[in-house]
Amino acid sequence: MFEDARAAVHAAKRIAVLTGAGVSAESGIPTFRSNGGFWRNNRFEDLATPEGFARDPKFVWQWYEERRRGIAATRPNAGHEALVRLEERTPDFTLITQNVDGLHDAAGSKNVIRLHGDIWTLRCTKCGAERVSREELKDLPPNCKCGGIERPGVVWFGEDLPPGAIERAAEAVQRAEVLIVAGTSAQVYPAAGLIPLALRHGATVIEINPEETDFSDEVTIALRGKSAEILPQLV
Ligand code: NAD
């Protein structure tokens with residue numbers, strides 16, 4: 001099974017990859033659903049909705065700033081690095097990520113679609129201006145030059161994805177001969193819908209996850225294990 005996956009990856013000229021929180025687990029970033037995971041003792045309605053932010057922007061920012069500092073102390077792992085090598089040798093390669101941590105960029109991946117935004121981007125709630133800052137944010141909530149309050153540039157529950165992102169991802173998946181799905185529980189839509197889309201278009205879909213997901217029975221090849229170990233072997 002592993003050899004079949006490796007052969008498919010090596011033969012393909014058009015590859016798409018969908019990643020989730022699991023690919024960053026071995027860098028030390030907790031996944032969404034892991035024990036003591038992403039939200040810990042907080043309710044996501046308070047931290048990850050526009051309504052929660054409107055109620056208490058300082059509280060939301062304090063939590064995001066703690067996440068930002070935690071992520072700033074991490075480094076890409078062997079899984080992120082393997083995907084950079086795969087991009088270098090594949091003529092048509094698209095990396096679609098649900099992660100907001102920026103570790104694919106830090107590793108050197110180039111063609112990245114960030115479906116759920118980026119924790120290092122700040123966006124003004126008044127004029128919409130965006131800026132990237134990795135600095136520690138001291139005065140919370142931060143303010144835009146126009147005077148408006150800035151928010152984290154991530155997609156919250158119930159919000160639209162960044163303009164054009166899912167369309168570009170769907171095009172890449174429909175072209176792909178191989179779709180690698182790594183480190184995602186595939187429960188968040190529309191991202192998870194890319195898996196059946198690839199299958200309908202005849203792609204070989206390879207899942208990498210230590211646990212079963214809702215799509216494990218449908219994918220072409222399910223590889224059980226950690227992405228930082230399996231991706232380098234596959235590539
Ligand atoms: P998820 O937490 O729902 O699922 C993580 C998946 O990764 C699980 O299926 C788990 O079995 C698997 N996994 C755990 N360790 C792994 C490893 N070492 N190698 C491979 N797989 C491993 O995450 P999701 O599907 O990405 O959905 C959660 C949402 O939360 C996303 O929308 C994302 O935007 C956000 N989120 C992002 C980060 C991040 O940027 N690093 C972290 C947590 C949550």
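As shown above, the structure is provided for reference.
A few points on the structure. All figures in this text were calculated on a predicted structure; none of them were measured in a lab.

Okay, the packing of helix α5 (residues 78-89) against helix α9 (residues 227-234) next. Any two packed helices are characterised by the angle at which their axes cross and by the distance between the axes. Between α5 and α9, the least distance of the axes is 7 Å, while the angle of their chain directions is 25 degrees. Relative to α9, the element α5 lies roughly parallel. As for the relative orientation of α5 and α9, their crossing is left-handed in sense. Within the contact between the two elements, α5 uses A78, G79, A82, L83 and R85 and α9 uses S227, A228, L231 and P232. Here the contact of α5 with α9 is built from residues that sort into six nonpolar, two polar and one charged.

Moving on, we come to the layout of surface pockets. Put simply, the second largest pocket is a space of about 300 Å³. Lining of the second largest pocket is provided by 19 residues; of these, G117, R123, E130, G153 and P162 occupy positions nearest its centre. The set of elements that each furnish at least two residues to the lining of the second largest pocket consists of β3 (112-114), β4 (117-124), β6 (150-154) and α7 (165-175). It is β4 that provides the largest number of residues to the lining of the second largest pocket, a total of four residues. Looking at the lining of the second largest pocket residue by residue, the class counts come to eight nonpolar, three polar and eight charged. No fewer than three residues from each of domain 1 (1-29 + 76-116 + 161-235) and domain 2 (30-73 + 119-154) sit in the lining of the second largest pocket.

On the surface, a cluster of negative charge is contributed by E212, D214, D217 and E218. One can find E218 in the loop between β8 (204-208) and β9 (221-223).

Here the focus is the pattern of salt bridges. Taken as a whole and assessed by the stated rule, the structure comprises 12 salt bridges. When the shortest N-O distance is used, the salt bridge between D92 and R175 registers 2.8 Å. On the criterion of sequence distance, the pair formed by D92 in strand β2 (residues 92-97) and R175 in helix α7 is long-range, its members being 83 residues apart. Salt-bridge contacts for E130 lead to R123; the nearest nitrogen and oxygen are separated by 3.7 Å. Here E130 falls in the exposed class, since its relative accessible area comes to 52%. Taken together, the salt bridges that share partners define one network made up of E65, R68 and R69.

Conventions used here
- Residues numbered from 1 in each chain as written.
- Predicted model: local features only at pLDDT ≥ 70, side-chain atom pairs only at ≥ 80, totals over all residues.
- Heavy atoms only, no water.
- Axes fitted to C-alpha atoms, helices over the stretch in contact; angles between N-to-C directions.
- Helix = DSSP H or I, 4+ residues; strand = E, 2+ residues; numbered from the N terminus.
- Parallel < 35°, antiparallel > 145°, perpendicular 65-115°, else oblique.
- Left-handed = near helix turned anticlockwise from the far one by under 90°.
- Contact = heavy atoms within 4.5 Å.
- Nonpolar A, V, L, I, M, F, W, Y, C, P; charged D, E, K, R; others polar.
- 1 Å grid on protein atoms, 1.4 Å probe; cavity = no way out; pocket = protein on both sides within 12 Å on 5 of 7 lines; lining within 4 Å.
- Points joined across faces, edges and corners; volume = space filled by probe spheres on them.
- Domains from an automatic or database assignment.
- Patch = residues over 30% accessible without salt bridge, like charges linked within 9 Å, V, L, I, M, F, W, Y side chains within 5 Å.
- Areas by Shrake-Rupley, 256 points an atom, 1.4 Å probe, with all protein chains shown as cover.
- Salt bridge = Lys/Arg side-chain N within 4 Å of Asp/Glu carboxyl O.
- Lys, Arg positive; Asp, Glu negative; His and termini not counted.
- Charge placed at Lys NZ, Arg CZ, Asp CG, Glu CD.
- Buried < 20%, exposed > 50% of the residue type's maximum accessible area, 1.4 Å probe, protein only.

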